[in-house]
Amino acid sequence: MTAELPRRLLVTGASGTLGFNVVNQFVREGAYKVFAPIRTKRPFLQQLGPAVEFIIHDLQDEQATSRLVREINPDVIVHCAASGVRPPRSEWFEMIGFNVAGSIALFQAYCALPRSAHFIYISTGLVYQIQQRPLREDDPVGTLHPYGAGKAAADSLLLSAAAEFKRTITVL
């Protein structure tokens, strides 16, 4: 009887608050081998332990991202990485480029996998128009906030690509 290999999970944005907590949760569950492409190694990431393989990587490099996803061959991709969340805020075009082009490059690499993994994209409430009440998912999209605008563009493009290429995506 052969032991079943752990599922392979690729989580972007592990050096950010949300990504770190997502990785931490999966490490505690122990059912996944976690791969975490990050732009910069940070000391606090060491507390996640050896169950996480950190890879210095730029998601906007399409060829390198394609190679990375192909080599990892993940069962699940959780895309938490984003630019412009924490101060100091990135320059406008750099932020939009990372949040849109980086997301598209990752999804394109996912589409090239020989089997369909599950792609989970983390969006933001900043994509919605301001309301005088708590937001709902069916509220109209529309924002002048650059982070929200970039995420809204990526939301729309990723959903379109998923339909076009018949791939599984969840936008949260």
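This text follows the structure it describes.
Residues numbered from 1 in each chain as written. Predicted model: local features only at pLDDT ≥ 70, side-chain atom pairs only at ≥ 80, totals over all residues. Heavy atoms only, no water.

### With respect to the overall build of the protein chain
- Broken down by element type, the protein chain carries 4 helices and 6 strands.
- Counting helices and strands in the order they occur from the N terminus, the protein chain gives β-α-β-β-α-β-α-β-α-β.
- Over its C-alpha trace the protein chain gives a radius of gyration of 16 Å, about what one expects of a compact globule, namely 16 Å for 172 residues.
- Seen through its C-alpha atoms, the protein chain measures out along the principal axes to roughly 60 × 40 × 35 Å.
- Counting across all 172 residues of the protein chain, residues that qualify as buried make up 45%.
- Here the protein chain carries 17 positive and 15 negative side-chain charges, and the mean point of each set is 4 Å from the other. (Helix = DSSP H or I, 4+ residues; strand = E, 2+ residues; numbered from the N terminus. Rg over C-alpha atoms; globule rule 2.2 N^0.38 Å. Buried < 20%, exposed > 50% of the residue type's maximum accessible area, 1.4 Å probe, protein only. Lys, Arg positive; Asp, Glu negative; His and termini not counted. Charge placed at Lys NZ, Arg CZ, Asp CG, Glu CD.)

### Some words on unusual backbone geometry
- Backbone geometry places Asn 73, a non-glycine residue, at a positive phi of 50 degrees.
- Not every positive phi belongs to a glycine, and Lys 166 is a case in point at roughly 50 degrees.
- Tracing the backbone through its elements, the reader meets Lys 166 in the loop between α4 (146–165) and β6 (169–171).

### Brief notes about the sheet that holds strand β2 (residues 32–38)
- An order of β3-β2-β1-β4-β5-β6 is seen for the 6 strands of this open sheet, with the pairing classed as parallel. Strands with a single pairing partner mark the edges of an open sheet, and in this sheet they are β3 (52–56) and β6. Averaged over all neighbouring strand pairs, the angle between strand axes comes to 15 degrees, with direction disregarded.
- Where strand β1 (residues 7–12) and strand β4 (residues 76–79) come together, 4 bridges link them in parallel fashion. Of the residues in β4, the one forming a bridge with Leu 10 is Ile 77. (Pairing = 2+ DSSP bridges. Axes fitted to C-alpha atoms, helices over the stretch in contact; angles between N-to-C directions.)

### With respect to the packing of helix α2 (residues 62–72) against helix α3 (residues 92–111)
- Relative to each other, α2 and α3 sit at 45 degrees, their axes nearing to 9 Å. On the basis of their axis angle, the class for α2 and α3 is oblique. Both α2 and α3 take part in a crossing whose hand is right-handed. Each of Glu 62, Thr 65, Ser 66 and Val 69 in α2 lies in contact with α3, whose residues at this interface are Ala 105, Leu 106, Gln 108, Ala 109 and Tyr 110.
- Looking at the contact of α2 with α3 residue by residue, the classes come out as 5 nonpolar, 3 polar and 1 charged. (Parallel < 35°, antiparallel > 145°, perpendicular 65-115°, else oblique. Left-handed = near helix turned anticlockwise from the far one by under 90°. Contact = heavy atoms within 4.5 Å. Nonpolar A, V, L, I, M, F, W, Y, C, P; charged D, E, K, R; others polar.)

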